[in-house]
Amino acid sequence: MTPAPGVWRPTPPAFAPMAVPWLGFVRPLLLKSPTQIQLPGPDALNSKAYARDVAEVKAMGAASGSARTPAQTETALFWNDNVPRQYQTAFRDLATRRHLDLDDSARMFALLNATAADTAIACWRGKYDHAYWRPITAIQLAGTDGNPATTPDPAWSPLVATPPYPEYPSGHACLTGPTTAGLSHLFGARHIDLTVDSAVTGTTRHYTTAKALNQETMSARIWLGFHFRKAMTDGNQLGRAVTSWAVGRYFQPVGR
């Protein structure tokens, strides 16, 4: 990738190349192709929406001098764990507490994991195709973006070191979207009843509604300094769209 305004480049401290770029070219389990569900794409650098998102992560995601509250920092760190591990542990707990039998447990895991896998594939294809820069690059080099509403801060750094792949869409949101959509389909959006633990903070959180989990995770990644809000909302929507398409064709209940 040729360095240019808006284009992803390796980020400090490791300056590692894009992780698993091949993932976006894997054949999906359910979808017809990784690009079947089209992403709208990141905001244009000269747009008001882009400037608004830059200002948010610049203020809320900084390692020092941020506007985060202690509670927001705790939430950000809670979700800096390995999210597939967090969700798989939560699904096992959910199956146990709901006393799901073998058939219902298998259906739940198949639905949640097949849609998450396909969303991850589509997500990584979006990262590869859009190759959008991370907040640390955008903020440090804001003087090159052509947007009069952004100002550079060469010393800005995120709360936690940025992962080695492009910003748009958010992989975390791409996994949460099918999780909340799948649980909503199975149990109702107001009754997802999910208990999640974090090895980072050593704490556990419970989510009754899909809305609560979606909103908290989307903000958490901004508070870490990893993402612009559009990457979060579009990634989450991608996951929900994959689930909506899948449940209309697969995982239908059968008579016993």
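Residues numbered from 1 in each chain as written. Predicted model: local features only at pLDDT ≥ 70, side-chain atom pairs only at ≥ 80, totals over all residues. Heavy atoms only, no water.

A. Summary view of the side chain of Gln72. The residue Gln72 is located in helix 2 (residues 70-78) in this model. The contacts of Gln72, once residues within four sequence positions are left out, are Met60, Ala67 and Trp223. (Helix = DSSP H or I, 4+ residues; strand = E, 2+ residues; numbered from the N terminus. Contact = heavy atoms within 4.5 Å.)

B. Examining the pattern of salt bridges more closely. Overall, the coordinates contain 8 salt bridges when judged by the stated rule. For Asp81, the salt bridge is made with Arg85, and the minimal N-O distance between the two is 2.5 Å. Linking Arg205 and Glu216 is a salt bridge whose minimum nitrogen-to-oxygen distance equals 3.1 Å. Of the two residues, Arg205 sits in strand 2 (residues 203-207) while Glu216 sits in helix 7 (residues 210-223), which places them 11 residues apart along the sequence. Ionic contacts of the salt-bridge type, sharing partners, join the residues Asp81, Arg85 and Asp197 into one network. (Salt bridge = Lys/Arg side-chain N within 4 Å of Asp/Glu carboxyl O.)

C. Region of interest: the packing of helix 2 against helix 7. With their axes 8 Å apart at the nearest point, helix 2 and helix 7 run at an angle of 100° to one another. When the interaxial angle is binned, helix 2 and helix 7 end up roughly perpendicular. Here Gln72, Thr75 and Ala76 of helix 2 come into contact with helix 7, specifically with Glu216, Ala220 and Trp223. Within the contact of helix 2 with helix 7, the residues separate by chemical class into 3 nonpolar, 2 polar and 1 charged. (Axes fitted to C-alpha atoms, helices over the stretch in contact; angles between N-to-C directions. Parallel < 35°, antiparallel > 145°, perpendicular 65-115°, else oblique. Nonpolar A, V, L, I, M, F, W, Y, C, P; charged D, E, K, R; others polar.)

D. Representation of the nonpolar core in the model. Membership of the largest hydrophobic core comes to 38 residues, with the highest contact counts inside it found for Leu30, Tyr50, Trp124, Tyr132, Phe228 and Leu238. When residues of this core are traced back to their parent elements, those giving at least two are helix 1 (48-60), helix 4 (102-130), helix 5 (135-140), helix 6 (171-187), helix 7 and helix 8 (229-247). Here this core gets 7 residues from one element, more than from any other, and that element is helix 8. The contacts of Leu30, once residues within four sequence positions are left out, are Ala114, Thr115, Asp118, Trp245, Ala246, Tyr250 and Phe251. (Core = buried A, V, L, I, M, F, W, Y, C linked by side-chain atoms within 4.5 Å. Buried < 20%, exposed > 50% of the residue type's maximum accessible area, 1.4 Å probe, protein only.)

E. Geometry of the layout of surface pockets. Roughly 360 Å³ of volume is contained in the largest pocket. Lining the largest pocket are 20 residues, with Val83, Trp124, Tyr165, Gly171 and His172 sitting closest to its centre. Among the elements of the structure, helix 3 (83-97), helix 4 and helix 6 are those that each provide at least two residues to the lining of the largest pocket. Of the residues assigned to the lining of the largest pocket, the class counts are 11 nonpolar, 5 polar and 4 charged. (1 Å grid on protein atoms, 1.4 Å probe; cavity = no way out; pocket = protein on both sides within 12 Å on 5 of 7 lines; lining within 4 Å. Points joined across faces, edges and corners; volume = space filled by probe spheres on them.)

F. Looking closely at the packing of aromatic side chains. For the structure shown, the criterion picks out 11 aromatic pairs. Judged by centre distance (6.2 Å) and plane angle (10°), the rings of Tyr87 and Phe91 are stacked. Residue Tyr87 and its partner Phe91 are located together in helix 3, separated by 4 residues, close to a single helical turn. The residues Tyr87 and Phe91 share a single accessibility class, namely buried. Arranged with centres 6.3 Å apart and planes meeting at 50°, the rings of Trp245 and Tyr250 form a pair that is tilted. Its relative accessible area of 16% is what places Trp245 among the buried residues. Owing to a relative accessible area of 33%, Tyr250 belongs among the partly exposed residues under this scheme. When the ring centre of Phe187 is taken as origin, the NZ or CZ atom of Arg98, which lies over that ring, is 4.0 Å away. (Phe/Tyr/Trp six-rings, centres within 6.5 Å; stacked < 30°, edge-to-face > 60°. Lys NZ or Arg CZ within 6 Å of the ring centre and 35° of its normal.)

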